[in-house]
Amino acid sequence: MESKRASSCRLLFCLLISAAVLRPGLGWYTVNSAYGDTIIMPCRLDVPQNLMFGKWKYEKPDGSPVFIAFRSSTKKSVQYDDVPEYKDRLSLSENYTLSISNARISDEKRFVCMLVTEDNVFEAPTIVKVFKQPSKPEIVSKALFLETEQLKKLGDCISEDSYPDGNITWYRNGKVLHPFEGAVVIIFKKEMDPVTQLYTMTSTLEYKTTKADIQMPFTCSVTYYGPSGQKTVYSDQAVFDIYYPTEQVTIQVLPPKNAIKEGDNITLKCLGNGNPPPEEFLFYLPGQSEGIRSSNTYTLTDVRRNATGDYKCSLIDKKSMIASTAITVHYLDLSLNPSGEVTRQIGDALPVSCTISASRNATVVWMKDNIRLRSSPSFSSLHYQDAGNYVCETALQEVEGLKKRESLTLIVEGKPQIKMTKKTDPSGLSKTIICHVEGFPKPAIQWTITGSGSVINQTEESPYINGRYYSKIIISPEENVTLTCTAENQLERTVNSLNVSANENREKVNDQAKLIVGIVVGLLLAALVAGVVYWLYMKKSKTASKHVNKDLGNMEENKKLEENNHKTEA
């Protein structure tokens, strides 16, 4: 009975399939799916109570149907037709919702859900759309450099695996580039993989660059349609090296210096503002019309003052594009006359000159024995104190390290000169004899005594300063003596003598003895007068004190007269 019913159902299906109708109110229904996802298609039909079975099919381009899934309402069993492209990809639920896993581009079809009863067939069509997001666009085959005023391929913008195909746009510094004859050329093409049916889009940009494109970023984007609408993906930025010709030449002096002096090394560097910069130049030295071909640097070693002048450099292939700089080689000459070690006699005249020759005004400083002099030395008559080490030093303040100095070692010689002096001690018992000596080299002093007398102190010498010093001796002669002072150096031997009398000492001793005797006699008389005064005082009464005072006054006068008489006798 059941098999007969099933047979009748199949027969009924075959009879009615050509007469299938859409359920009123159902129109076209679209399901959007991303590539690789699962496509879910609801049946969108109400299941009738007398349903026999449900079935899904898709339509070929020519309109012929291909059945892919069958589900019986009674057995609840599902049968999938032998369609290779959907093998193991289909799933039909109890409510007749069809799911297709791993969505492919080939799944873009018109699918139909069919519910069959004994007397009718109901259909609900569904359009499937599959979208594949393209890969992030990438700029490839990039130019190593771009040259100004030349139309050159900048690169290719590629975006792969897109469905449907997308559109590529180029940008310069964020602004859209549009084709422009002779300046911007854009060539677009797309290719579809026959297996995956995915598109690869390629856009080639040819661009005529200018210096304004230096460090400018170029990008591209792909615009495509996805399940949720239109979207855009941007590439990474690309910056290109812009080549442009040299428009200006400059020249530098290395290392930079405020001033150049004789003996320095000079390096000239020539630069062009093009990209890439020129690697070779012509260098022109002062007074030379022919240039010297060199790299961008040219070095002069140990320059002299005659190297002062204008230095130039130019491009090799464009000599009119030239740059120049003025260089001054500073110099400083010093001449000291006389110099070195110079020996002169005391009293001589010695002219000294320090002559300066320099590239600019120089300062001059004189030093003597490391002490700065207020003015330059001048010797009309040499003295011993003029001897010493003189230095004339000059420098250019604006030029670092440019200074000169010359020295003069002056030696002032003189024969020994002697002057002797005598000084008597206040006691009169000794005499100090001083021998003053002047000369250079330092004279040696020697004493000689003729006669008898005791030497109280040995000879004593003062420091030797500015060619002068003295030697002194203290003596107490017993008789008339002669002291001889001898001074000798490499130039001459000089002798001087001084007589010292012993009588002078004796006379002074007698005078001193007489003075002592007078003092003693005066003291005795004063004691006697004091005794008489005391006796008279005791004899007289207090009432006669006035007379006593008067007598005492007379006695004082007598005492003074006697003292005066005694001094006269002495």
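This write-up is about the structure you can find in this document. (Residues numbered from 1 in each chain as written. Predicted model: local features only at pLDDT ≥ 70, side-chain atom pairs only at ≥ 80, totals over all residues. Heavy atoms only, no water.)

1. Things to note about the nonpolar core
The biggest cluster of nonpolar side chains holds 51 residues, and the ones touching the most others in it are Met 41, Trp 56, Ile 68 and Phe 111. Sequence-distant contacts of Phe 111, that is, excluding residues within four places in its chain, are made with Met 41, Trp 56, Lys 57, Tyr 58, Ile 68, Tyr 86, Ile 100, Ala 124, Pro 125, Thr 126 and Val 128. Within the second largest apolar cluster, 19 residues are counted, among which are Ile 251, Ile 266, Leu 268 and Cys 313. (Core = buried A, V, L, I, M, F, W, Y, C linked by side-chain atoms within 4.5 Å. Buried < 20%, exposed > 50% of the residue type's maximum accessible area, 1.4 Å probe, protein only. Contact = heavy atoms within 4.5 Å.)

2. Side note on the state of the cysteines
Scanning all chains against the criterion turns up five disulfides. Between the sulfur atoms of Cys 270 and its disulfide mate Cys 313 the distance is 1.9 Å. Linking Cys 270 and Cys 313, the disulfide has an S-S dihedral of approximately 70° and is accordingly described as right-handed. Here Cys 270, found in strand 24 (residues 266-272), pairs with Cys 313, found in strand 28 (residues 309-315); they are 43 residues apart in sequence, far enough to count as distant. Take Cys 270: its relative accessible area is 1%, and that puts it in the buried class. The disulfide that involves Cys 354 links it to Cys 392, with 1.9 Å between the sulfurs. Disulfide Cys 354-Cys 392: the torsion about the S-S bond is -85°, which places it as left-handed. In this pair, Cys 354 is assigned in strand 33 (residues 353-358) and Cys 392 in strand 36 (residues 388-395), connecting sequence segments 38 residues apart. (Disulfide = S-S within 2.5 Å. Helix = DSSP H or I, 4+ residues; strand = E, 2+ residues; numbered from the N terminus.)

3. Focus on the packing of aromatic side chains
Under the defined criterion, the tally for this structure stands at twelve aromatic pairs. Ring centres of Phe 145 and Tyr 243 lie 4.0 Å apart, and the angle between their planes is 10°; this geometry places the pair in the stacked category. Of this pair, Phe 145 sits in the loop between strand 11 (138-140) and strand 12 (146-147) while Tyr 243 sits in strand 21 (residues 242-243); the two residues are 98 residues apart in sequence, bridging distant segments of the chain. For Phe 145, a relative accessible area of 21% corresponds to the partly exposed category. (Phe/Tyr/Trp six-rings, centres within 6.5 Å; stacked < 30°, edge-to-face > 60°.)

4. Comments concerning the sheet that holds strand 28
Within a sheet, adjacent strands bond to each other through the backbone by hydrogen bonds, running parallel or antiparallel. Across the sheet, four strands lie side by side as 26-25-28-29; this open sheet has antiparallel pairing. The open sheet terminates on both sides in strands that have one partner only, identified here as strand 26 (292-294) and strand 29 (322-327). Each adjacent strand pair in this sheet contributes to an overall mean axis angle of 25°, direction not counted. Where strand 25 (residues 281-284) and strand 28 come together, four bridges link them in antiparallel fashion. By the bridge assignment for strand 28, Phe 281 is matched with Leu 315. (Pairing = 2+ DSSP bridges. Axes fitted to C-alpha atoms, helices over the stretch in contact; angles between N-to-C directions.)

5. Digging into the side chain of Arg 110
Along the polypeptide, Arg 110 turns up in strand 9 (residues 110-117). A polar contact is formed between the side chain of Arg 110 and the side chain of Glu 59, at a distance of 2.4 Å. Excluding residues within four positions of it along the chain, Arg 110 makes contact with Trp 28, Lys 57, Tyr 58, Glu 59, Pro 125, Thr 126 and Ile 127. (Polar contact = N/O pair within 3.5 Å; in protein donor to acceptor, adjacent residues only side chain to side chain.)

6. Some points on the sheet that holds strand 42 (residues 481-488)
With respect to topology, three strands assemble into an open sheet ordered 39-42-43, the strand pairing being antiparallel. The open sheet has two edge strands with one neighbour each: strand 39 (444-450) and strand 43 (493-500). Looking at each pair of strands side by side, their axes are set apart by 20° on average, direction ignored.

7. Side note on the side chain of Thr 267
Topologically, Thr 267 is positioned in strand 24. At 3.1 Å, the side chain of Thr 267 and the side chain of Thr 299 are in polar contact. The contact partners of Thr 267, leaving out residues within four places of it in the chain, are Gln 252, Val 253, Leu 254, Thr 297, Tyr 298 and Thr 299.

8. What about the pattern of salt bridges?
Applying the stated rule across the entire model yields 20 salt bridges. As a salt-bridge pair, Asp 236 and Lys 136 come within 2.8 Å of each other at their nearest N and O atoms. Placement of the pair is Asp 236 in the loop between strand 19 (229-234) and strand 20 (238-239) and Lys 136 in the loop between strand 10 (121-131) and strand 11, with a sequence separation of 100 residues. Given a relative accessible area of 52%, Asp 236 falls into the exposed group. Residue classification places Lys 136 among the partly exposed positions, given a relative accessible area of 46%. Taking the shortest distance from any N to any O, the salt bridge between Lys 415 and Glu 492 comes out at 3.5 Å. In this pair, Lys 415 is assigned in strand 37 (residues 403-424) and Glu 492 in the loop between strand 42 and strand 43, connecting sequence segments 77 residues apart. According to the relative accessible area criterion, Lys 415 is partly exposed, its value standing at 43%. By relative accessible area, Glu 492 is classed as partly exposed at 33%. Each of Glu 262, Arg 305 and Asp 333 takes part in a single network of salt bridges with overlapping partners. (Salt bridge = Lys/Arg side-chain N within 4 Å of Asp/Glu carboxyl O.)

Just distances and angles here, no functional claims.
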